[in-house]
Amino acid sequence: MSKQEFSIVLSDVANADQGKEKVVVTYKGKTKEFITHDYDEIYKIPGLYEHLFYDTLKCDSPNVVCSLLKENLNKSSFDPCDLIVLDVGAGNGMVGEEFVGMGVNTVIGVDIIEEAAEAAMRDRPGVYESYYVEDLTKLPDHVESEITGMKPNCLSIVASLGFDDIPALAFASGFNLISEQGWLSYNIKDEFLQKDHPSGFARLIDQLSDEGVLEIVDKKRYQHRLCLDGTPLNYFAMVGKKQKNISSEILEQY
């Protein structure tokens, strides 16, 4: 669909915290105001997500995070075609598409909202082997069995950690679905890695590293995207290797 079929206007630019930025969208003669994390509504309009976040706000996280993983795969002589990726917070499939472009043959999608799955099937059919609409903190046993039965060896979470999207417990639950010595490829806002940040991610990552559960292989600070006022939002792209499952004792803390 062409971008000319809708128009967007950035709104209240001076008072725009990340995730609460306002945009006014006109589509098929109707005008509606969204905030930038109204993903369920944004995904319903073909092309809007890409136009807002990638064309307008210059997001490049799928490329940055996947490229960092590819660099480290090359260093370890691991062939991307041997990856079976669990793409959590898969959205409309932009990250899955990056993996397919790397030569990955099997990508499994998980997202908590139905509109994401519908958008992925509409916009990028064939990218995902399977796509589940589930909450990882309440994953049904039969879905867990299906996912682990596909033997994923890479967990990818891009532009979803923190805020009200994917909490620390969901990250930990996804971590336990991949095999030992599996790869992790994710990004996270820089402030979420500050000590004692209420999101819990800094504490969880430090704990996993200290207890030999996760090996951090590579880390890169970069501009995730722009705010509406043009200031940069900085994130870390992270690549890691799973050493063993997260224990129930750690999970209970989150």
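Here's what I pulled together on the structure shown here. (Residues numbered from 1 in each chain as written. Predicted model: local features only at pLDDT ≥ 70, side-chain atom pairs only at ≥ 80, totals over all residues. Heavy atoms only, no water.)

1. Topic: the overall build of the protein chain
Part 1 of the reasoning: A tally of regular secondary structure across the protein chain gives 9 helices and 10 strands.
Part 2 of the reasoning: For 254 residues, the compact-globule formula gives about 18 Å, and the C-alpha radius of gyration of the protein chain, at 18 Å, lands near that figure.
Part 3 of the reasoning: Along the longest, intermediate and shortest principal axes, the C-alpha atoms of the protein chain span 55 × 40 × 35 Å.
Part 4 of the reasoning: Taken over 254 residues, the protein chain has a buried fraction of 50%.
Part 5 of the reasoning: Partitioning the contacts of the protein chain with sequence separation of at least 6, the portion at a separation of at least 24 is 62%.
Part 6 of the reasoning: Carbon and sulfur atoms form 46% of the exposed surface of the protein chain, whose accessible area is close to 11500 Å².
Part 7 of the reasoning: Here the protein chain contributes 24 positively and 42 negatively charged side chains, and the mean placements of these two sets differ by 4 Å. (Helix = DSSP H or I, 4+ residues; strand = E, 2+ residues; numbered from the N terminus. Rg over C-alpha atoms; globule rule 2.2 N^0.38 Å. Buried < 20%, exposed > 50% of the residue type's maximum accessible area, 1.4 Å probe, protein only. Contact = heavy atoms within 4.5 Å. Areas by Shrake-Rupley, 256 points an atom, 1.4 Å probe, with all protein chains shown as cover. Lys, Arg positive; Asp, Glu negative; His and termini not counted. Charge placed at Lys NZ, Arg CZ, Asp CG, Glu CD.)

2. Details of the sheet that holds strand β2 (residues 22-27)
Part 1 of the reasoning: Taken in spatial order, the 3 strands of this open sheet run β1-β2-β3, and their pairing is antiparallel. The open sheet terminates on both sides in strands that have one partner only, identified here as β1 (6-11) and β3 (30-35). When the angles between neighbouring strand axes are averaged without regard to direction, this sheet yields 20 degrees.
Part 2 of the reasoning: Across 6 bridges, the pairing between β2 and β3 is antiparallel. If you follow Lys22 over to β3, its bridge partner there is Ile35. (Pairing = 2+ DSSP bridges. Axes fitted to C-alpha atoms, helices over the stretch in contact; angles between N-to-C directions.)

3. Structural notes on the packing of aromatic side chains
Part 1 of the reasoning: Applying the stated rule across the entire model yields 10 aromatic pairs.
Part 2 of the reasoning: A centroid spacing of 5.9 Å and a plane angle of 45 degrees characterise the contact between Tyr49 and Tyr54, whose relative ring orientation is tilted.
Part 3 of the reasoning: Seen from their ring centres, Phe78 and Trp183 are 6.0 Å apart, and the 70 degrees between their planes marks the pair as edge-to-face. Note that Phe78 is positioned in the loop between α3 (61-75) and β4 (84-88) and Trp183 in strand β8 (residues 183-189), a separation of 105 residues in sequence.
Part 4 of the reasoning: By relative accessible area, Trp183 is classed as buried at 4%.
Part 5 of the reasoning: An aromatic cluster is defined as three or more aromatic residues linked by ring pairs; in this entry it consists of Tyr39, Tyr43, Tyr49, Phe53 and Tyr54. (Phe/Tyr/Trp six-rings, centres within 6.5 Å; stacked < 30°, edge-to-face > 60°.)

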